[in-house]
Amino acid sequence: YRTENSGSYCISSFDIDKDNIWLNSFDTPESFCFKDNQYLSKISTPGVIKDFVKSNITLEKSSSINTSYKFNNTRLKKIFINSADNIFIDNDGEMSNQSGSMVNVKVNNKNDCEIDYAISGFEKTFHLSFPSNLAYSDLIGMDSKGNSFILIETFVSEVPLEVNREVYTLSPEGKVLSILSIPAIKYFYTIRDFQIDQDGNLYHLMTGKDGITIFKWSGLTQFSSSKIYYPEEYNYKYHYNNLKPVAEPLAAIVKNINGTVSRTNALKIGDSYVLNKYTCTAGNLAPSDITDLDGDQVRTPSWLIVGKNSKTPYKWGGFNTLAQYISGLQSGAYAGDINTAGVSSYAVGVDCSGFVSRCWQLSSHYSTSSMPTITTLYSSWDQMKPADAVLKTGHVRMYVDKASNGAIRVVESSARDWGVSYWTYTLADLTSYSPRYYNQMQSDYSVQQPGLLSVTAAEGDSVHVTWSCDTTNVKGYRLYKTTDGIIWNIIMNENVLKTCSATFKMTASAEYYRVSSVLNDSTSFTESNWSNALGISKHPNSRNILIVDGFNRETGDWRGHGESFTVNYGKFLNNLNLSFQTVKNAKVIDSSVVLNNFDAIYWMLGDESTADETFSSSEQKIIMNYLDKGGCLFVSGSEIGWDLGYMGGTSDKAFYNNYLKASFVTDYSSSSSVVGVSNTSLAGTNFNFGQTYIVGYPDVIGINGGSTLCMQYSNGKGAGVQYTGSFGDSSKTGKVIYLGFPLETTADDSSFYRVILKSCAYFFPEINDVQSETTSPLDF
């Protein structure tokens, strides 16, 4: 294990499979099996920092183990009642499975825990009441008889934060059967520390000062009028947030505080650090400790590679802007430094306080121990607004928002993954932290973040833009435009935009848009976070392309708000002088946009999976009709095969096999790099993916129905297929390229461009796959 300022890391999650105990680690790509208190086996697992569920595995000490479990950045829950698919994906209190069943857990005004079940044969709503001290709630699971196990965290103190944890067991009618008091002992941060089985046994992974203990509680489904407690020897408090002696690098004190800082701008700066793209040479990397010219030890994060990277790395004592970071790399500096024994002047990046200081636009680096002098303490966590600080001496996180079940969402530079990332924490995870706001921060903020729905061509040189938004107390909207995906300028403000659409003239051949809402506040008219980004280009007499953004999931591998991944698709189509429009998939479903009006469709699915649906049945029918009529489809996503080819029903599998022309092989490729197959559409491409956000499960896919493998993972497994020919009963020739990973996760824009170029050359005979390779520079 390792103890850092941001927490202690060792075991990330666990599962019980009959008499076998499985443990997963943050820092090693293996899962470990124990039986009868003895180590049994280990197996390679898909990466790190994952929750998992283990099932149906026959174990023998000397045998090779066939795995059949899933890992995910979200928590996985077992709900056994009336459901053949008992694994639910938990998106911060909103749980669902591939069958469409749902459970939502909400914290209402600190005094009501609401649990809504929408499961076939079990459609109910339960409420638990509390004396205005409810902090967080979570469904641990439901046994086969319909008994629910609810984790409840209540405030003992809000400042500094201390909570009680209890497990409520509810009958199928919602009656409280028992309350189990949980000791305040957490030696490690874990993604999940409770699990149930179908018989109603509760398992608790306790990480204490003497090691790891797993408790099995039976009989909690029997009525008990008294609260149930653990044995007396566990009656003590111990939390990882209080373990590491505070040691911070020296930081400059800010003498002249800048003017008022916009909360929206602070969030935008944070997002730019998460999505930062850059190139590393071997000289920028030190995967093992080296000594710099000043005698300081330097070690760079292990996830960095020679070549293109994304996500700004952690650097002890770091306070670099993105421009300084990239300039430093070009001058030979190390990309980050996770060695906290000393501050190296030969490395660039940001530590936790350096990152927050940059987001707050401070002119100097403030340490966490100095931040109380420029911040004010809230009296309650309910008062927090985006861009506030979740602070303890030694570590700081920047608050983004709160989930409906009370979980806190943040963006931070931390030792959890040694980079700037989005994460979600329960209140118990944040023990000893306090909620604070920067004294120069804009007072208010609009939580009504719009969602951009479509950017489509209107008459002449005009463009029509639509979005959706909760209009409560909204004065109007601000529409932003960019031509390069970097510099965004307001083209209409809240005094003009009062409804959720706009039509106006284009001034460039390609433009991209974002929208925000503005509060009807007579003093500051504060702004929400940006929406997602969509774009359009117009070229006379060119092919017409539709980009479909089907990536609607924000709590899986990608946890940001307002993604802009379609911009790269548009930029590179525009480089080929092709016209394109961009819509969310909802606009395809409601027939606002008709696929048959376009020469090719580029459909982005990210890590949409069973719970979110990669292609719904209505989307499948629309695409089938399009391909039957000779259309061209490019689609990428990491969970399409798992969702349709493995977990899907008969019609899902038929669509996957006969229209995406693929066969599902397995859910994990064991590789994060790909190469185009010779003599195919993508020959000559070679790049890494999983960089702009982690890709937990890139699908391994095979050919079907006359398709050809056009891309492979570096280990030779199938990563992409292509097909030219007829579909269904049609005699017309259509074309498909399908990739088993999200293309937008590569940090290599040049390779991204080559994939777009080569796919267009495959679709359209007038385009050569080597033309325009150097039309414009793609990076510096």
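Look up a bit, the structure's there.
Residues numbered from 1 in each chain as written. Predicted model: local features only at pLDDT ≥ 70, side-chain atom pairs only at ≥ 80, totals over all residues. Heavy atoms only, no water.

Colleague: Just to check I follow, could you spell out the packing of helix α1 (residues 263–274) against helix α3 (residues 352–359) for this structure?
Modeller: For any two helices packed against each other, one specifies the crossing angle of their axes together with the interaxial distance. At a closest axis distance of 8 Å, the pairing of α1 and α3 adopts a crossing angle of 135°. It follows that α1 is oblique to α3 by the angle criterion. Mapping the contact onto sequence places Ala-266, Ile-269, Gly-270 and Tyr-273 in α1 and Phe-355, Arg-358 and Cys-359 in α3. In the contact of α1 with α3, the residues fall into 5 nonpolar, 1 polar and 1 charged. (Axes fitted to C-alpha atoms, helices over the stretch in contact; angles between N-to-C directions. Helix = DSSP H or I, 4+ residues; strand = E, 2+ residues; numbered from the N terminus. Parallel < 35°, antiparallel > 145°, perpendicular 65-115°, else oblique. Contact = heavy atoms within 4.5 Å. Nonpolar A, V, L, I, M, F, W, Y, C, P; charged D, E, K, R; others polar.)

Colleague: What am I meant to see in the sheet that holds strand β20 (residues 194–196) here?
Modeller: Adjacent strands of a sheet form backbone hydrogen bonds with each other and so pair up, either parallel or antiparallel. One open sheet holds the 3 strands; their spatial order is β20-β21-β22, and the pairing between them is antiparallel. Two strands lie at the open edges of the sheet, namely β20 and β22 (211–217), each paired on one side alone. Put simply, the sheet's adjacent strands are angled 20° from each other on average, direction ignored. (Pairing = 2+ DSSP bridges.)

Colleague: Could you clarify how one ought to interpret the pattern of salt bridges in this entry?
Modeller: As enumerated under the stated definition, the model contains 27 salt bridges in all. When the shortest N-O distance is used, the salt bridge between Asp-138 and Lys-77 registers 2.8 Å. One end of the pair, Asp-138, is in strand β15 (residues 134–142); the other, Lys-77, is in strand β9 (residues 75–79), and 61 residues separate them in sequence. Each member of the pair, Asp-138 as well as Lys-77, carries the same accessibility label: buried. Salt-bridge contacts for Arg-409 lead to Asp-401; the nearest nitrogen and oxygen are separated by 3.6 Å. Connected through salt bridges with shared partners, the residues Glu-153, Arg-165, Lys-186, Asp-193 and Asp-429 form a single ionic network. (Salt bridge = Lys/Arg side-chain N within 4 Å of Asp/Glu carboxyl O. Buried < 20%, exposed > 50% of the residue type's maximum accessible area, 1.4 Å probe, protein only.)

Colleague: Just checking my understanding: could you explain the nonpolar core for this structure?
Modeller: One broad trend across soluble globular proteins is that nonpolar side chains are buried collectively. Counting 49 residues, the largest nonpolar core has Tyr-602 and Ile-756 as its most contacted members. Mapped onto this core, the elements with two or more residues apiece are β41 (510–519), β43 (544–549), α4 (566–575), β45 (600–604), β46 (632–636), β51 (708–713), β53 (734–739) and α9 (749–763). A total of 9 residues in this core trace back to one element, the largest contributor, which is α9. If we ignore the near neighbours within four places in the chain, the residues touching Ile-756 are Tyr-569, Phe-572, Leu-573, Leu-576, Tyr-602 and Leu-743. Core analysis: the second largest hydrophobic core is formed by 47 residues, Tyr-9, Ala-135, Tyr-314 and Trp-418 among them. (Core = buried A, V, L, I, M, F, W, Y, C linked by side-chain atoms within 4.5 Å.)

Colleague: Is there a simple way to explain helix α2 (residues 322–330) in this structure?
Modeller: One turn of an α-helix holds 3.6 residues; hence residues three or four places apart share an orientation. Taken together, the buried positions of α2 are Leu-322, Tyr-325, Gly-328 and Leu-329. For α2, the arc enclosing every buried residue in end-on projection is 125°, short of the 170-degree limit, so these residues lie on one face. Looking at the buried positions of α2, the neighbouring elements they touch are α1, β24 (277–280), β28 (334–335) and β29 (347–348). Gly-332, located one to two residues past α2, shows a positive phi value of around 100°. (Arc of directions from axis to C-beta.)

Colleague: What am I meant to see in the environment of Leu-576 here?
Modeller: Counting through the fold element by element, Leu-576 comes out in the loop between α4 and β44 (579–584). Along the chain, Leu-576 and Gly-354 lie 222 residues apart, while their C-alpha atoms are 41 Å from each other.

Colleague: Explain the state of the cysteines to me, please; I cannot follow it from the model alone.
Modeller: Here, the word disulfide means a covalent bond between the sulfur atoms of two cysteines. Considering all chains together, one arrives at 0 disulfides under this definition. In this model Cys-359 remains outside any disulfide bridge; the closest cysteine sulfur is found in Cys-352, 12 Å from its own. (Disulfide = S-S within 2.5 Å.)

Colleague: Looking at this structure, how should I read α1?
Modeller: Under the 1.5 Å per step criterion, the end-to-end length of α1 is 17 Å for 12 residues, consistent within 8% with the ideal 16 Å. Burial runs high along α1: 9 of the 12 residues are buried. Looking at α1, one finds that the buried residues are Arg-263, Thr-264, Ala-266, Leu-267, Lys-268, Gly-270, Asp-271, Tyr-273 and Val-274. Taking the backbone nitrogen of Thr-264 as reference, a side-chain oxygen 3.2 Å away marks Ser-262 as the first, capping residue of α1. (Expected span 1.5 Å × (residues − 1). Polar contact = N/O pair within 3.5 Å; in protein donor to acceptor, adjacent residues only side chain to side chain.)

Colleague: How should the packing of aromatic side chains be read in this particular structure?
Modeller: The description of an aromatic ring pair rests on the distance of the ring centres and on the angle between the ring planes. Applying the stated rule across the entire model yields 48 aromatic pairs. Ring plane angle 80° and centroid distance 5.5 Å describe the contact between Tyr-273 and Phe-355, whose orientation is recorded as edge-to-face. With Tyr-273 in helix α1 and Phe-355 in helix α3, this pair connects stretches of sequence that are 82 residues apart. Residue Phe-355 is classed as buried on the basis of its relative accessible area, which comes to 0%. (Phe/Tyr/Trp six-rings, centres within 6.5 Å; stacked < 30°, edge-to-face > 60°.)

Colleague: What is the right way to look at unusual backbone geometry in this model?
Modeller: The bulk of non-glycine residues show a negative phi, and the bulk of peptide bonds are trans. Look at the link from Val-159 to Pro-160: it is a cis peptide, with omega at -15°. One non-glycine residue with positive phi stands out, namely Ser-432, at about 80°. Among the structural elements, Ser-432 can be located in the loop between β34 (419–425) and β35 (434–438). At Asn-679, a position not held by glycine, the phi torsion is positive, near 65°. The exposure class assigned to Asn-679 is exposed, which follows from its relative accessible area of 79%.

Colleague: Would you take a moment to explain the packing of α4 against α9 for this structure?
Modeller: Their axes nearest at 9 Å, the elements α4 and α9 cross at an angle of 60°. Taken together, α4 and α9 sit at an angle that is classed as oblique. Relative to α9, α4 is oriented so that their crossing is right-handed. The segment α4 lies against α9, with Asn-568, Tyr-569, Phe-572, Leu-573 and Asn-575 engaging Asp-749, Phe-752, Tyr-753, Ile-756 and Cys-760. (Left-handed = near helix turned anticlockwise from the far one by under 90°.)

Colleague: Any chance you could explain the environment of Asp-667 here in plain terms?
Modeller: As for its placement among the helices and strands, Asp-667 is situated in the loop between β47 (662–666) and β48 (673–676). Remark: the alpha-carbon pair of Asp-667 and Gly-740, spanning 73 residues in sequence, is separated by 9.6 Å.

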